[in-house]
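The chain contents come next:
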Amino acid sequence: MASIRQVFEERLETFRENYNFHPHDEVVRSLAVTGEIISLISGDQAAARAMTSIEQILEGPGNPQSDDGGRELTTEDWREKWAEMEGYDLCPDSVFLDELLELSAFAEQGILSVWDFAEPDVQALPEARNLTERLKASANVPAWIEGICAKVDRLERLGHTNESGRSCFAELLATRDLARARLKYDRGEPITIYELALLSGVTPKRVQNAIYAKTDEAPIVDKNNLINPDSCEAWLSARDYVPSMWKQVSKLFPLARDWGRSVELEGQEACEEFSDFLFVPIANDGSIFLPDVCRENRDGRSYYQVGGKGEEEVFFEYEEALEKLQKIDPPKWRRPNPDSGKWGIVAGRTWKRVRRAEILGER
């Protein structure tokens, strides 16, 4: 099994190779609305001066571009320049843009890029800015991620839409939503169809179609239209979902030199072992469809009765009966009344994940 550090470095490399910095660009380019407001109030020349000043402020005092003094955007070119502004390179000392990098790494790979700078010699590098505070914050991943998301929420309220009516922070908001979905899943909280779609990289419509068709890997939706995380494992595993590893890394804090190199990463098989589990229905009265709800016919053979009154079907194999129940909405089956012992029909209202070996061992 690979070490925590090895898996982290592989994921970090994947993240860095594929990340496009579009959320950062969206944040910086949104400042162009300031120029438009100034242009409306005081004219294009005033807007050009203002946007030149803002650019120099964002570049920072240590950037050579900010020291030329005489450079000023013209009334004709400031809009074009700000429409193509590169966000991350323009703001070398922005704590918020550093946090957006962490939000994106967490959303996509379940990691934080700041872990790569935990070793003392790396922290001394010029590019390792804001590291002390970021490393400290990363000790409590849920709180930090929620805090960054809250900043994005605020930015969304301050933002505007483009000519097509789309938010100017479209990719940033998608990253925020994905990060929150991952955090809810990691915490074992029920998630929505939209959130499962984000985690699995498909459209909500595709998830809905699978649920309606009751495919083998389809998640189970409860009466509140929410999905229990246990019910998502088969679906996510089939779509190469990358499980988070922040819980394992958090156990190693404070991170020291060569952290995680001698510690194996546990739990990576969780999503691959969904075939070892079954999802069984639970009725309002607590009745669970387990192998022991079988009856015996005159030949002494065990069987299960599944379906509503007048539509019942008989199955001699438990897993075949369970498969049928997963296609019925709501699932219904006969079981002995705990008080009278009489066999009556109950309807399932929720589902529970149980280990296959445990319940089949009861027979």
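Residues numbered from 1 in each chain as written. Predicted model: local features only at pLDDT ≥ 70, side-chain atom pairs only at ≥ 80, totals over all residues. Heavy atoms only, no water.

Asks: Tell me about helix 3 (residues 32–42), and name the residues and values.
Replies: Restricting attention to buried positions, one finds in helix 3 the residues Ala32, Gly35 and Ser39. The buried residues of helix 3 all sit within an arc of 50° when viewed along its axis, so they share a single face. For helix 3, the exposed residues lying more than 90 degrees away from the buried face are Leu40 and Ile41. Packing partners of the buried residues in helix 3 comprise helix 2 (22–29), helix 4 (44–59) and helix 5 (78–83). One or two residues past the end of helix 3 sits Gly43, with phi positive at roughly 100°. (Buried < 20%, exposed > 50% of the residue type's maximum accessible area, 1.4 Å probe, protein only. Helix = DSSP H or I, 4+ residues; strand = E, 2+ residues; numbered from the N terminus. Arc of directions from axis to C-beta. Contact = heavy atoms within 4.5 Å.)

Asks: An account of the environment of Glu296 is requested, with residue identities and associated values reported.
Replies: Within the secondary structure layout, Glu296 lies in strand 2 (residues 295–296). Under the relative-accessibility criterion, Glu296 is labelled exposed at 58%. Counting along the chain gives 20 residues from Glu296 to Phe316, while the straight-line C-alpha distance between them is 9.8 Å. Once you skip the residues sitting within four places of it in the chain, Glu296 turns out to touch Arg301, Ser302 and Tyr303.

Asks: Tell me about the pattern of salt bridges, and please be specific about residues and values.
Replies: Under the criterion given, the structure shown has 22 salt bridges. Put simply, Arg16 and Asp116 hold a salt bridge, and the shortest N to O gap is 3.3 Å. Of the two residues, Arg16 sits in helix 1 (residues 4–18) while Asp116 sits in the loop between helix 7 (95–109) and helix 8 (120–123), which places them 100 residues apart along the sequence. A salt bridge links Lys184 to Glu195, with the nearest nitrogen and oxygen atoms 3.1 Å apart. Taken as a pair, Lys184 in helix 11 (residues 170–186) and Glu195 in helix 12 (residues 193–200) lie far apart in primary sequence, 11 residues in all. Connected through salt bridges with shared partners, the residues Glu146, Asp153, Glu156, Arg176, Asp177, Arg180, Arg187 and Glu189 form a single ionic network. (Salt bridge = Lys/Arg side-chain N within 4 Å of Asp/Glu carboxyl O.)

Asks: Would you mind going over the pairing of strand 3 (residues 302–306) in detail, with residue names and values included?
Replies: The element strand 3 is largely enclosed, with a buried count of four among its five residues. Across two bridges, strand 2 lies against strand 3 in antiparallel orientation. Residue pairing in the sheet places Arg295 in a bridge with Tyr303 of strand 3. Of the pairings in the sheet, the one linking strand 3 to strand 4 (residues 313–315) comprises three bridges and is antiparallel in character. Bridged to Tyr304 within strand 4 is Phe315. Linking strand 3 to strand 4, which pair antiparallel, is a turn of six residues; within it Gly307 sits at a positive phi near 120°. (Pairing = 2+ DSSP bridges.)

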